[in-house]
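Residue-level listing of the chains:
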Amino acid sequence: MDMALTEQQRASQQAFRQWVETHVEPVADEHDSAQRTPQSMIDAMAAEGYLGALIDSEYGGGSMDAVSWGLLCEEFGRGSASLLSLLTVHGMVLQSIAKWGTEAQKANWLPKLASGAAVGAFGLTEPNVGSDAKSIESVAVEQADGSFLLNAEKRWISFGDSANLILIIAKVDDKPAAFLVQSNMAGFSREPITGMLGFRAANIAKLVMKDVVVPAENLLGRVGFGFSHIANTALDHGRYCVGWGCVGLAQAALDASMAYAGERRQFGEALNKHQLIQQLLADMVVDIKAARMLNYHAAYLKDIGEPSLIMETSMAKYFASRVAVKATDSAVQIHGANGCSSDYPVQRFYRDAKIMEIIEGSNQMQQIIIAKSGYQQHLVAKRAARRAKQPQE
Ligand SMILES: Cc1cc2nc3c(=O)[nH]c(=O)nc-3n(C[C@H](O)[C@H](O)[C@H](O)COP(=O)(O)OP(=O)(O)OC[C@H]3O[C@@H](n4cnc5c(N)ncnc54)[C@H](O)[C@@H]3O)c2cc1C
């Protein structure tokens, strides 16, 4: 596996970093305390080509490779976890359409998602259903003319208060289905959710769909494909973005800690001369490196289309989110009382990091699937060893 970035990827990484440093970092705390990302920021990200980066150029996108996309998520994770979540959920919608949409759906929606004329969000979670997603209570009933009558309530929807195209998972005759719901459809309403621990500028909303008539052409994939095909595609993409974003978030915590520990003096010397602080910094450096490597590995598998990618992405998200929580915790510790104050961004990093362990399949859900997959691999290896021991004919 070649871990070196191409010249193009290195140049893109520099450009992403510069854009985030110039446009995101100066306003991230302000948006966090206002609990709002303004539309102007969404427009700026669209104008820069970030919202459409993954879309094929034939639909007006940037045809970006998986490694470059990972680097973009890393830089946004470093600047603002809330904006990382825009890249994530918008990408979940466009990836699902690109993979499972009809030609007509792709031709209609992908250019709009690329330009930012359509902003996507992903609606799976409900008031009574989170991890146990297959138990969703939202329902759609097929009408005589082929349209669907949708009744749904979705909660904690990132950028649900800004999106105009929401991928909603609901059941039709008890079978899961995915619908492209437009915010201007009659019966659609939303309420912003504020007061969150982290992702405070992610324009989170509760969405209600009451007798919304969804035309047949807005069904994505077939009835029955809602989880196995559509939601899984979306969530796999979501985990990929979050894994990379966590590396950026942890890196931001490390950068802030290095700067602070070099300047702040206690007991007559800089904090970074104290060995217990060095221990915190050393763990951050090594953990972040390991998390970055896992994400590179997932990116490499994605670019070559290797099926084990899904499990590797889960592992990368699981590990990187834990690293982000640990690194941001250390960053607050190193900053002492300053770390608890809004004068320093590490308190935001700390709050945002915790969210990473809950979204796109909580870390307990990741542990369950990683352990299952590990056991399968163990059985395969055992069978292969037994076969190897059998005498040859
Ligand atoms: C900031 C934020 C943004 C979000 N954005 C979106 C979005 O855009 N779209 C969307 O659809 N959802 C979104 N969510 C919801 C998120 O996906 C859910 O919170 C997540 O799936 C967990 O569901 P839950 O909160 O209902 O927790 P629950 O499922 O009720 O679980 C509670 C706790 O129990 C654990 N648990 C559950 N079952 C088991 C088990 N079998 N074994 C061990 N432990 C278990 C969980 O890991 C968790 O720690 C967002 C959430 C947050 C906080």
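This text goes with the structure placed above it.
Residues numbered from 1 in each chain as written. Predicted model: local features only at pLDDT ≥ 70, side-chain atom pairs only at ≥ 80, totals over all residues. Heavy atoms only, no water.

## Observations concerning the overall build of the chain
In plain terms, the rule: Helix numbers and strand numbers start at the N terminus; a helix is a DSSP run of H or I with at least 4 residues, a strand a run of E with at least 2. When we talk radius of gyration, it's over C-alpha atoms, and the globule rule is simply 2.2 Å times the number of residues to the 0.38. Working definition: with a 1.4 Å probe on protein chains only, accessible area under 20% of the residue-type maximum means buried, over 50% means exposed, and in between means partly exposed. Working rule for contacts: check all heavy atoms of both residues, and any pair within 4.5 Å makes them a contact. Surface accessibility in these figures is a Shrake-Rupley result with a 1.4 Å probe; residues are shielded only by whichever protein chains are displayed. In this tally, Lys and Arg are treated as positive and Asp and Glu as negative; His is ignored, and so are the chain termini. Where a charge lies is defined by one atom per residue type, namely NZ (Lys), CZ (Arg), CG (Asp) and CD (Glu).
In terms of helices and strands, the chain carries 10 helices and 10 strands. The C-alpha radius of gyration computed for the chain amounts to 22 Å, which stays within 12% of the reference 21 Å derived for 393 residues, consistent with globular compactness. Dimensions of the chain along its principal axes, counting C-alpha atoms only, are 80 × 75 × 40 Å. The burial tally for the chain puts 52% of its 393 residues in the buried class. Restricting the contact set of the chain to residue pairs at least 6 apart, pairs at least 24 apart contribute 74%. Per element, the accessible surface of the chain, about 17,800 Å² overall, is 52% carbon and sulfur. Computed over 36 positive and 42 negative side-chain charges, the inter-centroid distance for the chain is 7 Å.

## Section: the side chain of Thr88
Here Thr88 is to be found in helix 4 (residues 81-100). In this structure, Thr88 is in contact with His237, Gly238, Cys241 and Glu360, ignoring residues within four places of it in sequence.

## Describing the packing of helix 1 (residues 7-34) against helix 2 (residues 39-47)
Two quantities define a packed helix pair, namely the angle between the helix axes and the distance between the axes. Which entries qualify depends on this criterion: Interaxial angles span 0 to 180 degrees and are taken between N-to-C directions of axes, which are lines fitted to C-alpha atoms, for helices over the stretch in contact. For classification purposes, an angle smaller than 35 degrees is called roughly parallel, one larger than 145 roughly antiparallel, one from 65 to 115 roughly perpendicular, and anything else oblique. We call a crossing left-handed when the near helix sits turned anticlockwise from the far one by less than a right angle, and right-handed when that turn is clockwise. Note on residue classes: Ala, Val, Leu, Ile, Met, Phe, Trp, Tyr, Cys and Pro are nonpolar, Asp, Glu, Lys and Arg are charged, and everything else, Gly too, is polar.
Close contact between helix 1 and helix 2 brings their axes to 12 Å; oriented N to C, the two are set at 160°. Classified by the angle between their axes, helix 1 and helix 2 sit roughly antiparallel to one another. For helix 1 against helix 2, the interelement crossing comes out left-handed. For the pair formed by helix 1 and helix 2, the contact residues are Trp19, His23, Val24, Val27 and His31 on the first element and Met41, Ala44 and Met45 on the second. Residues of the contact of helix 1 with helix 2, tallied by class, amount to 6 nonpolar, 2 polar and no charged.

## Looking at the pattern of salt bridges
Counted only if it meets this: We define a salt bridge as a contact between a side-chain nitrogen of Lys or Arg and a carboxyl oxygen of Asp or Glu at a distance within 4 Å.
A full pass over the atoms with the stated rule returns 14 salt bridges. The salt bridge partner of Asp161 is Arg36, with a shortest N-O separation of 2.7 Å. Here the residue Asp161 occupies a position in the loop between strand 3 (148-157) and strand 4 (165-172), and Arg36 occupies one in the loop between helix 1 and helix 2, the gap between them amounting to 125 residues. In this structure, Arg78 and Asp255 form a salt bridge, with 2.8 Å as the shortest nitrogen-oxygen distance. In this pair, Arg78 sits in helix 3 (residues 66-79) while Asp255 sits in helix 6 (residues 226-263), placing the two residues 177 residues apart along the sequence. For Arg78, a relative accessible area of 13% corresponds to the buried category. When salt bridges with common partners are traced through the structure, they connect Arg17, Glu75, Arg78 and Asp255 into a single cluster.

## Details of the nonpolar core
What counts is decided by this rule: Among buried residues, those of type Ala, Val, Leu, Ile, Met, Phe, Trp, Tyr and Cys that are joined through side-chain atoms within 4.5 Å constitute a nonpolar core.
Judged by nonpolar contacts, the single largest core of 118 residues is most densely connected at Phe76, Leu113, Leu150 and Phe179. Looking at this core, the element that brings in the most residues is helix 6, giving 19 residues. With sequence-adjacent residues up to four places away left out, Leu113 is seen in contact with Leu51, Gly52, Ile55, His90, Val93, Leu94, Ile97, Ala118, Val119, Gly120 and Leu165.

As far as function goes, none of this settles anything; it's purely spatial.
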